[in-house]
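# Examining the three-dimensional arrangement
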Number of protein chains: 2
Amino acid sequence: MKSEKISELTTKRLSVYLRCLQTLDRNGIHTISSRSMADQFHLNSAQIRKDLAYFGEFGVRGVGYQVSHLAQHLTKILGLNQEHRVIICGAGNLGRALCDYAGFNTEGFRIVALFDQDPKKIGGTSRSGVPVHDIKKLKQIVRREGVDIVVITVPADAAQKVVDLVCETGVKAILNFAPVRLRVNTNVKLKTVDLKVSLESLSYYLSNPSLPAAVNPPE
Amino acid sequence: MKSEKISELTTKRLSVYLRCLQTLDRNGIHTISSRSMADQFHLNSAQIRKDLAYFGEFGVRGVGYQVSHLAQHLTKILGLNQEHRVIICGAGNLGRALCDYAGFNTEGFRIVALFDQDPKKIGGTSRSGVPVHDIKKLKQIVRREGVDIVVITVPADAAQKVVDLVCETGVKAILNFAPVRLRVNTNVKLKTVDLKVSLESLSYYLSNPSLPAAVNPPE
DNA sequence: AATTGTGAATTCCTTCACAGCC
DNA sequence: GGCTGTGAAGGAATTCACAATT
């Protein structure tokens, strides 16, 4: 276990590895080598080993990794052994959908509230029953509910203002879906998922099909 | 203009640059240098110049870039001057939300249909009126509507099967939201947006806050 | 004087290849 | 014999820094 800084690419892959291991576990596989895991899930075996090596020695030479054991370690490393409490700012289509989306309400994460500024939305709930609060109550509810992750699904032109509010509450992790580059203090972790950019870069490849697409792009 | 292969990172940034230019244009800015664009939108000026240089010489030394002119070029390069017709496979929460999401129904893209296999969903429409069809009609409707981009929002365990169906229709660009690594022919461009991975890597940073977050992570 | 476009330098990431261990 | 863990090699992306240009 070294204490180098871990790249974002590595952490994303850890999360992928964990999911692979969970699949293997469900299929009753108890032991796996980096090679056969790579083959099965279209990964690179050296990279798996290198990524894991940042955090310790989890394998047995000549044998491989014990699936459940490694999964447990990754769960711990990713901080998924404790529950994260999540809120979503912006109760529009995307916000409400994410709120009810199975992939978001999964082990380790619980969505506890939606926020909006529209009086017509405030007081209501999502389909699954998550309440919509006035954005003015943000700080209060973040405190009360012990929120540690905030998802931003407000329109682009409101996003920076909302992010500033969020930072004031002391929350340290933000997942932004608004198509803007936001500014936060360096002690806050901001990730932006820009759906428009994803679509547009597909469009680029349609216009430039001469170049065969990369075989297996990261993420 | 060189004919090297353009990296995915570059194409994503082009899309960001275009948005920045559109903002500048709305604000009545006609000319901008890479430096001031970088400052304003938290980018790197050398990178802007280098990215653009793959496609031509769009600037004037000593002056900068003409906003509308460069925007036009980027629109063309990204293939956004022609409309793309998009369908979404999977009419669950996420699929329906994306269907009505403003950021998706934007210049250059039109969502023409949803698909599902659930008889209860087939025949209905999204809130904004996009029809939900039986997945069995996929090929037929792709042909009829001239669809060139497919979005996948089905559950993980159905995703590979749906992607195979999509590939059979001849569509060459797929945006996948299912949390699995999918396999396609190299002549098809597949991009995966893995929302769970994004959340989990935030969780990692919460558990390992010792390391100050990178100042401005890519995308 | 200012800013582009771009080789060179640097940093970061991936893959190779093998010593070390089971 | 087989597989891990890792130093070294190779490749890619970013940033620097400046000659070229208006």
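Here the structure is a predicted model, which is why all the values come from computation and not from measurement. (Residues numbered from 1 in each chain as written. Chains lettered and ligands numbered in written order. Predicted model: local features only at pLDDT ≥ 70, side-chain atom pairs only at ≥ 80, totals over all residues. Heavy atoms only, no water.)

### As for the overall build of chain A
- Helix and strand counts for chain A stand at 8 helices and 9 strands.
- Structurally, chain A occupies a C-alpha span of about 60 × 50 × 35 Å along its principal axes.
- Here chain A, with 219 residues, has 52% of them falling under the buried criterion.
- In chain A, 54% of the contacts between residues at least 6 apart in sequence involve partners at least 24 apart.
- Split by element, the accessible area of chain A, about 10400 Å² in all, is 50% carbon and sulfur. (Helix = DSSP H or I, 4+ residues; strand = E, 2+ residues; numbered from the N terminus. Buried < 20%, exposed > 50% of the residue type's maximum accessible area, 1.4 Å probe, protein only. Contact = heavy atoms within 4.5 Å. Areas by Shrake-Rupley, 256 points an atom, 1.4 Å probe, with all protein chains shown as cover.)

### Looking at helix 3 (residues 45-53) of chain A
All names here are of chain A.
- Among all positions in helix 3, only Ser-45, Ile-48, Asp-51 and Leu-52 are buried. For helix 3, the angular spread of buried residues about the axis comes to 130 degrees, placing them on one side.
- Here the buried face of helix 3 lies against helix 1 (8-26), helix 2 (34-41), strand 3 (64-66) and helix 4 (67-77). (Arc of directions from axis to C-beta.)

### Focus on the domain arrangement of chain A
- Along its sequence, chain A is organised into domain 1 (8-77) and domain 2 (84-198).
- One C-alpha centre belongs to domain 1 of chain A, the other to domain 2 of chain A, and the line joining them spans 31 Å. (Domains from an automatic or database assignment.)

### Description of the nonpolar core
- Residues A:Phe104, A:Phe177, A:Leu195, B:Phe104, B:Phe177 and B:Leu195 are the most contacted members of the largest nonpolar core, which totals 99 residues.
- One finds A:Ile87, A:Phe115, A:Val147 and A:Leu190 within the second-largest nonpolar core, a separate group that totals 24 residues. (Core = buried A, V, L, I, M, F, W, Y, C linked by side-chain atoms within 4.5 Å.)

### So, the protein's contact with DNA strand D
- Taken together, 23 residues form the shell around DNA strand D, and within it A:Ser34, A:Arg49, A:Tyr65, B:Arg13 and B:Arg61 come nearest.
- Of all DNA strand D atoms lying within 4 Å of any protein atom, the proportion belonging to sugar or phosphate reaches 62%.
- Measuring from a phosphate oxygen of DNA strand D, one finds a side-chain N or O atom of B:Arg13 at 2.9 Å.
- Counting residues per element, the ones that place at least two in the surface near DNA strand D are helix 3, strand 2 (59-60) and strand 3 of chain A together with helix 1 (8-26) and helix 3 (45-53) of chain B.
- When residues of the surface near DNA strand D are assigned to their parent elements, the largest contribution, 4 residues, is made by helix 3 of chain B.
- A class-by-class count of the residues in the surface near DNA strand D yields 7 nonpolar, 8 polar and 8 charged. (Near = heavy atom within 4 Å. Polar contact = N/O pair within 3.5 Å; in protein donor to acceptor, adjacent residues only side chain to side chain. Nonpolar A, V, L, I, M, F, W, Y, C, P; charged D, E, K, R; others polar.)

### Observations concerning the relation of the copies chain B and chain A
- Relative to chain A, chain B is turned by 180 degrees and slid 0.0 Å along the rotation axis, the superposed coordinates differing by an RMSD of 0.1 Å. The superposition of one copy onto the other is thereby described by a two-fold rotation axis. Of the C-alpha atoms belonging to chain B, the one lying closest to the rotation axis is found on B:Ala97, 2.9 Å away.
- A high fraction, 100%, of the interface residues of chain B reappear at the interface in chain A, so the copies pair face to face through one surface. (Least-squares fit on C-alpha atoms with pLDDT ≥ 70 in both.)

### Looking at the interface of chain B and chain A
- Counting residues at the interface gives 70 residues for chain B, matched by 70 residues for chain A.
- Counting the surface lost from both chain B and chain A, the interface buries some 7100 Å², and carbon and sulfur atoms represent 61% of this.
- Remark: the boundary between chain B and chain A carries 4 salt bridges.
- With a shortest N-O distance of 2.3 Å, A:Asp194 and B:Arg19 are connected by a salt bridge.
- In this structure, the connection of chain B to chain A is made through 20 residue pairs in polar contact (both at pLDDT 80 or more).
- At the level of elements, helix 1, helix 5 (93-100), strand 8 (173-176), strand 9 (189-192) and helix 8 (195-207) of chain B are the ones that each hand at least two residues to the side of chain B that touches chain A.
- Per-element tally for the side of chain B that touches chain A: the top contributor is helix 8 of chain B, with 13 residues.
- Of the residues that constitute the side of chain B that touches chain A, the class distribution is 36 nonpolar, 17 polar and 17 charged. (Buried area = accessible area lost by both parts, 1.4 Å probe. Salt bridge = Lys/Arg side-chain N within 4 Å of Asp/Glu carboxyl O.)

### Regarding the protein's contact with DNA strand C
- By nearness alone, 25 residues border DNA strand C, and A:Arg13, B:Ser34, B:Arg49, B:Gly62 and B:Tyr65 come closest of all.
- Separating a phosphate oxygen of DNA strand C from a side-chain N or O atom of A:Asn44 is a distance of 3.3 Å.
- For DNA strand C, a base oxygen lies 3.3 Å from a polar atom in the side chain of A:Lys50.
- Of all the secondary-structure elements, those providing two or more residues to the surface near DNA strand C are helix 1 and helix 3 of chain A together with helix 3, strand 2 (59-60) and strand 3 (64-66) of chain B.

### Regarding the packing of aromatic side chains
- Here the structure, examined in full by the defined rule, presents 6 aromatic pairs over all chains.
- Measuring from ring centre to ring centre gives 6.1 Å for A:Tyr101 and A:Phe104, while their planes differ by 50 degrees; the resulting arrangement is tilted.
- Residue class for A:Phe104 comes out buried when judged on its relative accessible area of 1%.
- Ring plane angle 85 degrees and centroid distance 5.3 Å describe the contact between B:Tyr204 and B:Tyr205, whose orientation is recorded as edge-to-face.
- Its relative accessible area of 12% is what places B:Tyr205 among the buried residues.
- By the ring-pair criterion, three or more aromatic residues cluster together here, those being A:Phe55, B:Tyr204 and B:Tyr205.
- Positioned above the aromatic ring of A:Tyr205, the side-chain terminus of B:Lys189 is 4.1 Å from the ring centre. (Phe/Tyr/Trp six-rings, centres within 6.5 Å; stacked < 30°, edge-to-face > 60°. Lys NZ or Arg CZ within 6 Å of the ring centre and 35° of its normal.)

### Overview of the confidence of the model for chain A
- Scored by pLDDT, chain A comes out at a mean of 92, with 94% of its residues at no less than 70.
- Counting interchain partners and residues more than four positions distant, the pLDDT-below-50 stretch residues 211-219 of chain A has 18 contacts. (pLDDT = per-residue confidence, 0-100.)

### Regarding the sheet that holds strand 7 (residues 149-152) of chain B
Residues and elements named next belong to chain B.
- Taken together, the 6 strands give an open sheet; going across it, the order is 6-5-4-7-8-9, and neighbouring strands pair in parallel fashion. The sheet is open, and its two borders are formed by strand 6 (132-134) and strand 9, each paired with just one other strand. Across the sheet, the mean angle separating the axes of adjacent strands is 25 degrees when strand polarity is ignored.
- Relative to strand 6, strand 5 (residues 109-116) is paired through 3 bridges, and the arrangement is parallel. (Pairing = 2+ DSSP bridges. Axes fitted to C-alpha atoms, helices over the stretch in contact; angles between N-to-C directions.)

### Concerning the environment of B:Asp134
Residue and element names in this part refer to chain B.
- Along the chain, the position of Asp-134 falls in strand 6.
- For Asp-134, a relative accessible area of 21% corresponds to the partly exposed category.
- Distance from Asp-134 to Ile-122, taken between C-alpha atoms, is 5.7 Å for residues 12 residues apart in sequence.
- In this structure Asp-134 touches Phe-115, Asp-116 and Ile-122, once residues within four positions along its chain are discounted.
- Within the structure, the side chain of Asp-134 is placed 2.9 Å from the backbone nitrogen of Lys-136, a separation counted as a polar contact.

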